[in-house]
Amino acid sequence: MAVGGGAISSDDVVMKSPTDRRLYRYIQLANGLCALLVHDPEIYSDQPHGERKLGDSEEDEDEDEDDEEEDDEDFGEGDGGEEDEEEEEEEGEEKGFKGSLQKKAAAAMCVGMGSFKDPYEAQGLAHFLEHMLFMGSADFPDENEYDSYLSKHGGSSNAYTETEHTCYHFEVKREFLKGALTRFAQFFISPLVKAEAMEREVLAVDSEFNQALQNDSCRLQQLQCYTSACDHPFNRFFWGNKKSLADAVENGINLRDHILKLYNDYYYGGSMKLVIIGGETLEVLESWALELFSNVRKGLSVKPEIGLNVPIWKAGKLYWLEAVKDVHILDLSWTLPSLRKDYLKKAEDYLAHLLGHEGKGSLHFFLKAKGWITSISAGVGDEGMSRSSIAYIFGMSLHLTDSGLEKIFEIIGFVYQYLKLLRQNPPQEWIFKELQDIGNMEFRFAEEQPADDYAAELAGNLLVYPPEHVIYGDYSYEVWDEEMIKYLLNFFGPANMRVDIITKSFNKSYDVQHEPWFKSRYVEEDIPSSLMELWKDTPEINSSLHLPSKNHFIPRDFSIRADKAPCDVADASSPICILDEPHMKLWYMLDSTFRLPRANTYFRISLKGGYSNLRNAVLTEIYILLLKDELNEIIYQASVAKLESSVSLYGDKLELKLYGFNDKLSVLLDKVLGIAKLFLPKDDRFKVVKEDMERTLRNTNMKPLNHSSYLRLQVLCQGFWDVEEKLCLLSDLSLADLRAFVPDLLSQLYIEGLCHGNLLDEEALYISDIFRSNLSVQPLPIELRHREFVMCLSPGADLVRDVRVKNKLETNSVVELYFQIEPEGVDLTKLKALTDLFDEIVEEPLFNQLRTKEQLGYVVDCSARVTYRILGFCFRVQSSEHDPVYLQGRIENFINGLEKTLDKLDSETFENYKNGLMGKLLEKDPSLLYETNRFWGQIVDKRYMFDMSKKEAEELNGVQKKDIVDWYRTYLRQSSPKCRRLAIRVWGCNTDLSNAQVTSAQVISDLEEFKKNSKFYPSFC
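Conventions used here
- Residues numbered from 1 in each chain as written.
- Predicted model: local features only at pLDDT ≥ 70, side-chain atom pairs only at ≥ 80, totals over all residues.
- Heavy atoms only, no water.
- Helix = DSSP H or I, 4+ residues; strand = E, 2+ residues; numbered from the N terminus.
- Rg over C-alpha atoms; globule rule 2.2 N^0.38 Å.
- Buried < 20%, exposed > 50% of the residue type's maximum accessible area, 1.4 Å probe, protein only.
- Contact = heavy atoms within 4.5 Å.
- Areas by Shrake-Rupley, 256 points an atom, 1.4 Å probe, with all protein chains shown as cover.
- Expected span 1.5 Å × (residues − 1).
- Pairing = 2+ DSSP bridges.
- Axes fitted to C-alpha atoms, helices over the stretch in contact; angles between N-to-C directions.
- Core = buried A, V, L, I, M, F, W, Y, C linked by side-chain atoms within 4.5 Å.
- Phe/Tyr/Trp six-rings, centres within 6.5 Å; stacked < 30°, edge-to-face > 60°.
- 1 Å grid on protein atoms, 1.4 Å probe; cavity = no way out; pocket = protein on both sides within 12 Å on 5 of 7 lines; lining within 4 Å.
- Points joined across faces, edges and corners; volume = space filled by probe spheres on them.
- Salt bridge = Lys/Arg side-chain N within 4 Å of Asp/Glu carboxyl O.

> Explain the overall build of the protein here, please?
Regarding its fold elements, the protein presents 32 helices and 31 strands. In summary, the protein has a C-alpha radius of gyration of 28 Å against a globular reference of 31 Å for 1021 residues, a match within 12%. Each principal axis of the C-alpha distribution contributes one length, and for the protein these read about 80 × 75 × 70 Å. Counting over 1021 residues, the protein shows a buried share of 62%. In the protein, once contacts between residues fewer than 6 apart in sequence are set aside, the share between residues at least 24 apart is 83%. In the structure as shown, the protein presents an accessible area of about 38000 Å², 50% of it carried by carbon and sulfur atoms.

Below, the structure is given as structure tokens:
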């Protein structure tokens, strides 16, 4: 350990993967702040350090991003039709541009204080404090200075409040790291916490709470808090809202004083963990940490948390909670002691592995065969309530069928039979060794994350692990401790169990209570004492329950194929087509960038007539769900060994993805296709899967943001089957109907796929042979494959569609104002560059005006939309306070004022936005998975422009401010004939639809008739 400059420093503390090229230095400043400095050689910080002069700006602060935010591209209906599938086109790009690829710099700060420290008289205060730190500091008093700086330099920020810590993090274009850190540091030195900003930001906290108000998971968590022991830290309202904070003021609490007290009590050096990731040397990063963070207050020494012996919940109770969605969920919770210090043993993970297993002999396999459950999950969650210094909460969540809801006590009885099995059979070291091998393998060959996610993860880990294990701690199964597992099993008794049932079939008319914050209806019941006694020691164990067999998917071959490949193959920068036949087209690229024993193989299988009419679409969907159900056991086993699979349906295309460690990938594919080839749906599973599909369809569009996107696509896409019509038709379908339909569905197929990663070309061709041997049918000609057509809005179109929220208790309204731009053509890259740059410039002023200043709602955003290769642009606001007419008016007012905003943009600020976007376009893919997804998006779109981001970045070089102004005037100003727009308005339950007055706009009242009389673009994909 070296000591100098007021810091203790060490370069050889952190244990890292042998494939990790980054350098790590752990330092402790004189004020007690601990920092992990990460030099990433791939960031290539080759430009001068320091800041550029800022131009004038009126942008805003905030940290939060909507957790339902959608990605940038639409294709159409996703699996089950619930949410439109939107391509995740990553912001970094082309491997063919290797010399200029960039990675972003990032930083994170975790403060060891969270919602457990909320004063009872001002609940939600820790979360409110997190919001207020973004609202200006002594050195940077403008509320929007921090986010404005990030926005202009290709960056973004976020933050979250947990029970015992609060985390702030950002990413930024590499050469602006110090400028961002300078602003970031002031959060923790001199925040202003201005009274006028507080008044507005209370509304933002309230809007954020309203996002969670109709979420069943959030409602359950708050019920568990509300019914916990009065003197326990769980007994809080962590979110905070306008009422909780306003009530505090009414009761004589000075909120600003309380926020500053919370800040002064807990925001000091000894409670802070900082992570900085940059391309600069460790010496430079250390000098920045010392320069910028040494003025953080030293404060008191950290007091270790002491676990409480107070029981969290009353014993022997069962809680019925009325659900928002059509679900039946049985949630079991057992309180364990805090196991943070035992992270090398991971005894709780051993138990989670067995209780949540899905292979033969497991609870899942047994209860699913009875038709009582559809899924099961088990373990200690990652969130703060489940994994605190006070206690660990081990949970089991079982999604029930209608018949399972009638068998609650029987199901719990079988859980206790399995627990008795675990007590009777001593803990198995071979099972632990499997988990250890998988953990070591994941650690050794870990895929990179985006820099800001990695910074936030490391900062959080510094709070719970010693510095040497800040990376390794999550993966380590180092110590086999049989006695520890036996000790933990003692806590899995009925007297230590909480039971929650979340169901739409509430049917309770007596003793109904209301949780005060979410207004959830619930009933508390006593579990019969006879059952509590029975579960203490069940007299028998069903013979179908037993321990799992060994996992044959755990990989053993970790050799890197690029080491033995010819140079021309290893140096390829994009996929090449290695097979193009009537039945199959296969794209291939060997990975020589990440050099990990991983591969991603994606396939879309076009099925004959799978989407040609509503009946076929529903039959195809239920067939794919039944196939997934049949494949579950084999897919689960592989996923435990980190070879993942997904089976989805897009239109008439079955999408099969196998991705992860490549050693056993072809073995898994052969097994999956072998099962699929022989699969014949059975009556018992048909009933269960049909019921589950009906439930999924009923739950579709319950969230207003999803609903608005669905409605937009329903207008724009010619082939779009309505979810209510699907539900109606599904109820009349029988197993005989399905069996009669499937042979023709599978009689002709066409497959397009991508093999990318640690595979040689002969291995990729072998994969094509597996398809050929298992799916030996006639090829599906191109004219029989489904193609989507997108509506061509007429010149000057101004359309409105008004719909009520599906959930009758949903207070949020949404307006999505969509502008159709142009179909992709010869000027694709130029048009996309202009659209993306406009988004880059406008996003923060929009947020600043409509959210921060006007406080319309928590979700305020804009983005490009590419719907089956038709380019568009969307503005979107969600609000629980205002109706859609008002929201649309505020969006239009903002759009009309953009001419002045653009005029004021000086050349230096404009160049900053251009450079920021260019940094995003040329950002290096953080992992093989990101790169695969980028390539796959091009294949699915049938664009095959694998270097699209490079081309867009090149096009961006020549863009002038006049081009952006012209783009805006052409496509967004209503005086232009090329301004074609569609307003989707979803009306919350507290709004009056009769206020939906429309002046010149055309109201779409009969959608079917409207689409019959509309023109559609030619199909691109």
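We are not done yet, so read on.
> Help me understand helix H21 (residues 704-716) in this model?
Spacing of three or four residues puts side chains on the same side of an α-helix, whose turn is 3.6 residues. Taking 1.5 Å of rise per residue, 13 residues should cover 18 Å, and H21 covers 18 Å from first to last C-alpha, within 8% of that figure. Counting buried positions along H21 gives 13 out of 13 residues, so the element sits mostly inside the fold.

> How do you make sense of the sheet that holds strand E18 (residues 521-526) when you look at a structure like this?
The strands making up a sheet are joined through hydrogen bonds of the backbone, oriented either antiparallel or parallel. Read across the open sheet, the 7 strands follow the order E14-E15-E13-E16-E12-E18-E17; overall the sheet is mixed. Edge positions in the sheet fall to strand E14 (373-380) and strand E17 (513-514), since each of these pairs with one other strand and no more. Of the pairings in the sheet, the one linking E17 to E18 comprises 2 bridges and is antiparallel in character. Within E18, the position partnered with Gln-513 by the bridge is Tyr-522. Strands in contact with helix H5 (residues 216-226) are strand E12 (317-322), strand E13 (328-337), strand E16 (497-503), E17 and E18; relative to E16, the strand with the most contacts, it is inclined by about 145 degrees.

> Which parts of the structure should I look at to understand the pairing of E12?
Consecutive residues of a regular strand have side chains that alternate between opposite faces of the sheet. Burial runs high along E12: 5 of the 6 residues are buried. Bridging between E12 and E18 involves 5 bridges; their strand directions are antiparallel. For Leu-318, the partnering residue across the bridge sits in E18 and is Glu-525. Inspection of the sheet shows E12 paired to E16 by 5 bridges, in the parallel sense. Across the sheet, Tyr-319 pairs through a bridge with Asp-500, a residue of E16.

> What exactly am I supposed to notice about the nonpolar core here?
It is characteristic of soluble globular proteins that their nonpolar side chains tend to be buried jointly. Of all hydrophobic cores here, the largest spans 100 residues; its most connected members are Leu-656 and Phe-771. By residue number, the principal contributor to this core is helix H18 (residues 614-640), which donates 14 residues. What Leu-656 contacts, discounting residues up to four positions off in sequence, is Thr-601, Tyr-602, Phe-603, Ser-646, Val-647, Leu-669, Val-672, Leu-673 and Phe-771. Listed in part, the 58 residues of the second largest apolar core include Leu-129, Leu-181, Phe-184 and Ile-259.

> How should the packing of aromatic side chains be read in this particular structure?
The relation between two aromatic rings is expressed through the spacing of the ring centres and the mutual angle of the planes. Across all of its chains, the model carries 57 aromatic pairs by this definition. On the basis of an interplanar angle of 65 degrees and a centroid distance of 4.8 Å, the ring pair of Tyr-146 and Phe-187 is categorised as edge-to-face. Remark: Phe-187 occurs in the loop between helix H3 (177-185) and helix H4 (195-212) and Tyr-146 occurs in helix H2 (residues 145-152); sequence separation between them is 41 residues. Both residues of the pair, Tyr-146 and Phe-187, belong to the buried class.

> Please explain the side chain of Asp-452 as it appears in this structure.
Mapping Asp-452 onto the fold places it in helix H14 (residues 451-462). Discounting chain neighbours no more than four positions away, the residues touching Asp-452 are Ala-106, His-169, Phe-170 and Glu-171.

> So what exactly am I meant to see when it comes to the layout of surface pockets here?
In this approach a probe as big as a water molecule rolls over the atoms, and the regions it shows empty are the leftover space. By volume, the second largest pocket is sized at about 960 Å³. Lining the second largest pocket we find 40 residues, and of these Ala-446, Glu-447, Glu-448, Leu-596 and Pro-926 sit closest to its centre. Secondary-structure elements contributing two or more residues to the lining of the second largest pocket are helix H13 (429-444), H14, strand E21 (598-607) and strand E23 (653-661). In terms of residues, the lining of the second largest pocket owes the most to one element, H14, which gives 4 residues.

> I keep staring at the pattern of salt bridges and nothing clicks. Help me out?
Summed over the entire model, instances satisfying the criterion amount to 78 salt bridges. A salt bridge links Asp-557 to Arg-561, with the shortest nitrogen-to-oxygen separation between them at 3.7 Å. Take Asp-557: its relative accessible area is 30%, and that puts it in the partly exposed class. Two residues, Arg-685 and Asp-629, come together in a salt bridge whose shortest N-O distance is 2.9 Å. Note that Arg-685 is positioned in helix H20 (residues 683-699) and Asp-629 in helix H18, a separation of 56 residues in sequence. Across the pair, exposure class does not vary: Arg-685 and Asp-629 are buried alike.

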